[in-house]
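# Commentary on secondary and tertiary structure
Next come the chains, spelled out residue by residue.
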Amino acid sequence: MHNILIIGANRGLGLEFAKQYSDENHNVFATTRNKSESKALDAISKIKVFELDLNSDESLDNFVQQISSQKIDILIHNAGIFRDEQLDEDLDIDAWMNELRINAVIPIILARKLKSNLQMGLSKKIVFISSQMGSIDDNYSGRFYFYRSSKSALNSAAKSLSIDWKEDGISILILHPGWVKTDMGGDNAKLEIPDSISQMIKVINDLNLTNSGSFVNYAGEKLEW
Ligand SMILES: NC(=O)c1ccc[n+]([C@@H]2O[C@H](COP(=O)([O-])OP(=O)(O)OC[C@H]3O[C@@H](n4cnc5c(N)ncnc54)[C@H](OP(=O)(O)O)[C@@H]3O)[C@@H](O)[C@H]2O)c1
């Protein structure tokens, strides 16, 4: 039984991570921006729900303080945003900076703030939910400046973390969930949510210090950077 912290767990992939890990009898710690609007989390057994808004430094500090005495075996940073910006009309600087903050900067800052919790844990794993759209090698269709650049930045920083924290025994995975039918992925996506999550859990089980720093998809297949 592990203690598993899921950042951004009130809907989509994060909610299903919480459900499946709870079904496997793990202790789940889940974050949401608003507890009173996250009824789906209350229905899950063995779960503790925290409020966290990644846009707010105060919320980050409060959350880190509330969870400070808790050991964490697996940290899954799932929360992310996607804005379908248009090159000619909508390259809004503040919106781009915000996407970089939520998708790339905060995941690393929060991991840093939770390092002592991970050091108390046994398996010491961090999973960053990234995207194949962050792959520069795999970009054949252009567009999506905000999202692509933010996930590329996440991949780059997470890779550094995997090298810097290897001696601390912390292993790090950069994981693409596939194109999944969530609010973000839309109805045309190829994968159902439970299918993506059950496969990702297997990949997370296989994470260790030897394969730390890998960029892989839900099936464990290596992706180009
Ligand atoms: N679905 C796909 O096809 C796909 C493909 C590749 C990668 N991904 C990645 O997978 C992850 C989960 O995506 P999803 O499809 O489940 O998306 P989703 O349904 O849009 O859910 C996004 C989650 O992130 C949370 N979040 C966003 N901004 C936040 C903030 N400022 N503070 C706290 N929480 C925040 C949301 O909370 P609220 O409800 O409060 O907004 C929600 O829980 C993301 O990192 C995404 O980039 C998804």
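Since the model is a prediction, treat every value here as computed from it, not as a measurement.

Scanning the protein from terminus to terminus reveals seven helices and seven strands. Counting from the amino terminus, helix and strand elements in the protein follow one another as β-α-β-α-β-α-β-α-α-β-α-β-α-β. Computed over the C-alpha atoms, the radius of gyration of the protein is 16 Å, within 12% of the 17 Å expected from 2.2 N^0.38 for a compact globule of 225 residues. Its C-alpha atoms put the protein at 50 × 40 × 35 Å along the principal axes. In the protein, which comprises 225 residues, the proportion classed as buried is 38%. Nonlocal contacts in the protein, meaning residues at least 24 apart in sequence, comprise 62% of its contacts between residues at least 6 apart.

Taken together, seven strands build an open sheet; the order of strands is β3-β2-β1-β4-β5-β6-β7 and the sheet is parallel. Of all strands in the sheet, those bounded by a partner on one side alone are β3 (47–51) and β7 (214–217). Sheet twist, expressed as the average angle between the axes of neighbouring strands with direction ignored, equals 20°. Two elements, strand β2 (residues 27–32) and β3, share five bridges in a ladder whose sense is parallel. Counterpart to Thr-31 in the pairing with β3 is Phe-50.

To continue, consider the site of the ligand. By nearness alone, 28 residues border the ligand, and Gly-12, Gly-80, Thr-182, Met-184 and Gly-185 come closest of all. If one sorts the elements of the shell around the ligand by residue count, helix α1 (residues 12–23) sits on top with three residues. A breakdown of the residues in the shell around the ligand according to their chemical character gives 13 nonpolar, 11 polar and four charged.

This next bit is on the confidence of the model for the protein. Residues with a pLDDT of 70 or more make up 100% of the protein, whose mean pLDDT is 96. Across the protein, the secondary-structure element scoring lowest on mean pLDDT is helix α2 (residues 39–42), at 93, and the one scoring highest is strand β5 (residues 125–129), at 99.

Bringing the nonpolar core into the picture now. Ranked by size, the top nonpolar core spans 49 residues in total, and within it Ile-6, Ala-18, Leu-75 and Ile-76 carry the most contacts. Of all the elements, α1 adds the most residues to this core, at five residues.

In strand β4 (residues 74–77), alternate side chains face the same way, and those of Ile-74 and Ile-76 on one face and Leu-75 and His-77 on the other are all buried. When strand β1 (residues 3–7) meets β4, the two strands line up parallel, connected through four bridges. The residue of β4 that forms the bridge with Ile-6 is Ile-76. Across four bridges, the pairing between β4 and β5 is parallel. Looking at β5, one finds that Ile-74 is bridged to Lys-125.

Here we come to the environment of Tyr-21. As for its position among the elements, Tyr-21 is in helix α1. As a C-alpha pair, Tyr-21 and Ser-198 span 177 residues in sequence and 9.4 Å in three-dimensional space. Those residues within four positions of Tyr-21 in sequence are excluded, and the remaining contacts are Ile-4, His-26 and Val-28.

Our focus in this paragraph is the packing of α1 against helix α7 (residues 193–205). At a minimum axis separation of 9 Å, α1 and α7 run at an interaxial angle of 60°. On the basis of their axis angle, the class for α1 and α7 is oblique. The interaxial crossing formed by α1 with α7 has right-handed handedness. Here α1 contributes Leu-13, Glu-16, Phe-17 and Gln-20 to the contact with α7, which in turn contributes Ile-193, Pro-194, Ser-196, Ile-197, Ser-198 and Ile-201.

Thresholds, definitions, all that
- Residues numbered from 1 in each chain as written.
- Predicted model: local features only at pLDDT ≥ 70, side-chain atom pairs only at ≥ 80, totals over all residues.
- Helix = DSSP H or I, 4+ residues; strand = E, 2+ residues; numbered from the N terminus.
- Rg over C-alpha atoms; globule rule 2.2 N^0.38 Å.
- Buried ≥ 20, exposed ≤ 12 C-beta atoms within 10 Å, placed from the backbone.
- Contact = placed C-beta atoms within 7 Å.
- Pairing = 2+ DSSP bridges.
- Axes fitted to C-alpha atoms, helices over the stretch in contact; angles between N-to-C directions.
- Near = placed C-beta within 6 Å.
- Nonpolar A, V, L, I, M, F, W, Y, C, P; charged D, E, K, R; others polar.
- pLDDT = per-residue confidence, 0-100.
- Core = buried A, V, L, I, M, F, W, Y, C linked by C-beta atoms within 7 Å.
- Parallel < 35°, antiparallel > 145°, perpendicular 65-115°, else oblique.
- Left-handed = near helix turned anticlockwise from the far one by under 90°.

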